[in-house]
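These are the residues of each chain, in order.
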Amino acid sequence: MADQKDQKETQQLTGEKANVGLVERAKETAAALKDRALEEAKDYKDPQQTQVWKSIFRVSHQRSDPRNRSLAILSNVFLHLHPAKINRDAVRYQYTWGMGGITFYLFIVLTFTGVLLMFYYHPTKIQAFADILYLEHDVPFGKLLRNMHRWAAHLMVITTWLHMFRVVLTGSYKKPREFNWCVGVVLLVLTLLLSFTGYLLPDDQLGFWAVTVGTNMARATPMFGNEGPFGPQLGLTPYNDVRFGLLGGSIVDANALLRAYIWHCIGIPLVASIFMAVHFWRIRKDGGISGPAPVMLESEMRPPKKK
Amino acid sequence: MESPKPNSRRNKLIGLIVAVVLVGLWVYSVQDWHQIWKIVSAPDNVPIVAMLFLVPFFTWLGVKQAKSNDNLIVELEGDAKLAKTHHRKVEPWRPGWAKELHVWPYLVRVEFLAAVIVTVILYVWSIALNAPLEEPANPNLTMNPSKAPWYFLGLQEMLVYFDPWIAGVVMPSIIMIGLMVFPYVDSNPLGNGYYTLRQRRFAVNMFSWGFLMWILLIVIGTFIRGPGWIWFWPGQTWDHNTVVFDRNRDLHEILGVTPENFANHLSLLPWVRGIFGFLVVSGFFILGGLFFHWLMRKGPFRFSYLISPKRFWAWAKLPDPFELKLLANTSILQYMTFQFFAVSVLLAMPVKLFLRLVFTIKYVWVTPWFNV
Ligand code: HEM
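Residues numbered from 1 in each chain as written. Chains lettered and ligands numbered in written order. Predicted model: local features only at pLDDT ≥ 70, side-chain atom pairs only at ≥ 80, totals over all residues. Heavy atoms only, no water.

*Asks:* Would you mind going over the side chain of H154(A) with me for this structure?
*Replies:* Position of H154(A) among the secondary structure elements: in helix α8 (residues 142-169). At 3.2 Å, the side chain of H154(A) forms a polar contact with the side chain of D44(B). Excluding anything up to four places from it in sequence, H154(A) contacts D44(B), P47(B), W125(B), W150(B) and Y151(B). (Helix = DSSP H or I, 4+ residues; strand = E, 2+ residues; numbered from the N terminus. Polar contact = N/O pair within 3.5 Å; in protein donor to acceptor, adjacent residues only side chain to side chain. Contact = heavy atoms within 4.5 Å.)

Structure below.
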């Protein structure tokens, strides 16, 4: 009795009829499956409705809904640096020249190409120069890689300066952005130091002498250099002054190469990333991009507030 | 709105003619085009050559916007009623337009486009030009000239004018600290978030002065300094055997503080020298301070003042009421801080450059511990 009942239920669930042939049944099952697959495939036509998509993007992005345009920015870890909406005139490139953004993009390009270069480069006196030759002549696209890292670095110095210039021309360092300007100055120094430490790494004459000239100045640091004012009086020698600390020795040699490498690939990029995070965070906290703001008039200038 | 005066047309023409004549003279005097090409086309110099075009371009782009804002400001200053209703931007505006746009897609697409363009530029540049690679490092073979990368040539060039402790350590530190205090000493509340020259003449000019000086030092370091860091005009061949007999005097020697004149009191000489130098430097700071005090109260400078002494005096004597108002807004601490950085960088740098290049004076202050 129980067996018969079970059988009946199974038949109902699978839609099979007890006394139809095996082939027939298979055909019918296949047809039903096909219908179902087609039905389900309709849902996949819109990838945004899939589980995978929704799991990644978390919210629906029906394009016509203005609320979703905001969510597209707010719910994305990369884009949420931005506000959902901005000053309608700030999207004109004439105002910021896009310089800060381009600088940041170049930093990303440099990180990317830099990591690839690290795969081929050893910071030792024996290998460094040979590695560059290897990159230039044997590594597929190695020359392009090296060139791109080099020129992006130069370009980043230029764009950082121009960015600073723009900030001055638009008075964007004024209240409440004074501190972010200072963060920017630190970023400028870090950008220059990144370039400088990178210059030594090919271990060729160009880098060697540039770094020799550069670090020779450190010798003359007041109080901290062995040739600087009050340095000798404070007991500094070529073997314990600030230059020795920078180079890890009294001459530009293996230790200097290693130190330049570590500063260049780890130390400074890490610090710069932190400062950039603060820079971007402060832009938002200071009320977004400063303008184009409505002009103020001379006649509206108030005398400074007395506390 | 001011219409361009016929004078400004004429001035532009004169300027153009002068520029053409100067360039023509230079072209005529070039001895060695190959040398110029070698410097300009060195791949590591391409960025500074690019800067020679980029800086004027972006200056133009900024000044253009400043001018149109300034015109609007003048218009609104003269029309209180319009000032109340105007949206106060030169960008178009109609009632009913949203003040804010969605970042997605209006900003994100601009950013994307910028990224694509920069990427394309980088590819073209990297395919066309190879990063330099010299012989392997060799401590026994000095490169001559041994130059830093272009963005440090300003520092390296400063070594000509100052001892390394100033050029390499003190000046860069003062410049960086000076940049950081810039927002705190500029007490002018106007011009926050829009391009303007009219409302921020002095601040913008001071920064541009520093910026241009920096670029100028780099240009000298890149294009003019040859072997032995000797001055070669652009177009002169870099002759490795050139020797320059610099007389390298110190200021006190010129003014008679020399061993001959102190034959009977030689032990006093270092003291006299030291005190002399101290007085010179203090005097420089006082005069420099007075100079900036005078300059910051002046109205706009017009180039026609250069050819008309009468108009120049009128400009030089009278302070500008607006600038006076700004000055009244500035605290004493802000004022003194600005003066310190302005005199010790913006003024000291060109003055020392002038003393060194024109009068071959090496030091103005000599002490047993340091020289300035
Ligand atoms: C590694 C270097 C830097 C990066 C990646 C960077 C990035 C940015 C970005 C993306 C912006 C948004 C607006 C724009 O694109 O212009 C910005 C704004 C700003 N930056 Fe930088 N920046 C750098 C260096 C500097 C420097 C050297 C300064 C000044 C000394 C500076 C001061 C500022 C200020 C004050 C703002 C706010 C401007 C406004 O609200 O209009 N930054 N920065």
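*Asks:* Would you explain helix α13 (residues 321-329) of chain B in this entry?
*Replies:* Since the α-helix packs 3.6 residues into each turn, any two residues three or four apart lie on the same face. Residue and element names in this part refer to chain B. For α13, the full list of buried residues reads F322, E323, L326 and N329. One side of α13 holds all its buried residues, which, seen down the axis, span an arc of 110°. Across α13 from its buried face, at more than 90 degrees, point the exposed residues P321 and A328. Of the surrounding secondary structure, the elements contacted by the buried residues of α13 are α9 (201-224) and α14 (332-359). (Buried < 20%, exposed > 50% of the residue type's maximum accessible area, 1.4 Å probe, protein only. Arc of directions from axis to C-beta.)

*Asks:* I keep staring at unusual backbone geometry and nothing clicks. Help me out?
*Replies:* Trans peptide bonds make up most of the peptide bonds, and negative phi angles are found at most residues other than glycine. The omega angle of the peptide bond from K175(A) to P176(A) is 0°, so this bond is cis rather than trans. Mapped onto the fold, P176(A) is located in the loop between α8 and α9 (178-200). The backbone phi angle of D203(A) is positive, close to 60°, even though this residue is not glycine. Mapped onto the elements, D203(A) comes out in the loop between α9 and α10 (205-219). Residues other than glycine seldom take positive phi values, yet T360(B) does so here, at roughly 45°. For T360(B), a relative accessible area of 15% puts it in the buried group.

*Asks:* Quick question: what am I supposed to make of the interface of chain A and chain B here?
*Replies:* In many analyses, interface size is given as the accessible surface area lost on bringing the parts together. Taken together, the contacts link 97 residues of chain A with 105 residues of chain B. Summed over both partners, the interface of chain A with chain B comes to about 9,600 Å²; 70% of that surface belongs to carbon and sulfur atoms. Counting every contact that joins chain A to chain B gives four salt bridges. The closest approach of N and O atoms between R88(B) and E300(A), which form a salt bridge, is 2.7 Å. Applying the counting rule to chain A against chain B returns 50 residue pairs in polar contact (both at pLDDT 80 or more). Per-element accounting of the side of chain A that touches chain B gives the leading share, 19 residues, to α8(A). Judged from the three bridges that link them, strand β1 (residues 85-87) of chain A and strand β1 (residues 100-102) of chain B form a sheet pairing that is antiparallel. Bridging from a neighbouring strand, K85(A) pairs with H102(B) of β1(B). (Buried area = accessible area lost by both parts, 1.4 Å probe. Salt bridge = Lys/Arg side-chain N within 4 Å of Asp/Glu carboxyl O. Pairing = 2+ DSSP bridges.)

*Asks:* Whenever I open this one, the nonpolar core confuses me. Can you help?
*Replies:* One broad trend across soluble globular proteins is that nonpolar side chains are buried collectively. With 88 residues, the main nonpolar core has W97(A), W161(A), W181(A), W150(B), F207(B), M349(B) and V364(B) as its most contacted residues. Ranked by the residues each element gives to this core, the list is headed by α9(B), at eleven residues. (Core = buried A, V, L, I, M, F, W, Y, C linked by side-chain atoms within 4.5 Å.)

*Asks:* What is the right way to read the site of the ligand from this model?
*Replies:* Residues and elements named next belong to chain A. Near the ligand there are 26 residues, and of these H163, R166, G184, H279 and S290 occur at the shortest range. At 3.3 Å from an oxygen atom of the ligand is found a main-chain nitrogen or oxygen belonging to G100. Every element with two or more residues in the shell around the ligand is listed here: α6 (99-118), α8, α9 and α12 (254-285). Partitioning the shell around the ligand into residue classes produces twelve nonpolar, twelve polar and two charged. (Near = heavy atom within 4 Å. Nonpolar A, V, L, I, M, F, W, Y, C, P; charged D, E, K, R; others polar.)

*Asks:* What should I look at first to understand the packing of α8(A) against α9(A) in this one?
*Replies:* Each pair of packed helices gets described by two things: the angle between the helix axes and the distance between those axes. Residues and elements named next belong to chain A. Put simply, α8 and α9 touch, their axes get as near as 10 Å, and they point 160° apart. Considered as vectors, α8 and α9 are oriented roughly antiparallel to each other. By crossing handedness, the relation of α8 to α9 is classed as left-handed. Touching R150, A153, M156, V157, T160, W161, M164, V167 and V168 of α8 are W181, L188, T191, L192, S195 and Y199, all from α9. Here the residues of the contact of α8 with α9 are counted per class, giving eleven nonpolar, three polar and one charged. (Axes fitted to C-alpha atoms, helices over the stretch in contact; angles between N-to-C directions. Parallel < 35°, antiparallel > 145°, perpendicular 65-115°, else oblique. Left-handed = near helix turned anticlockwise from the far one by under 90°.)

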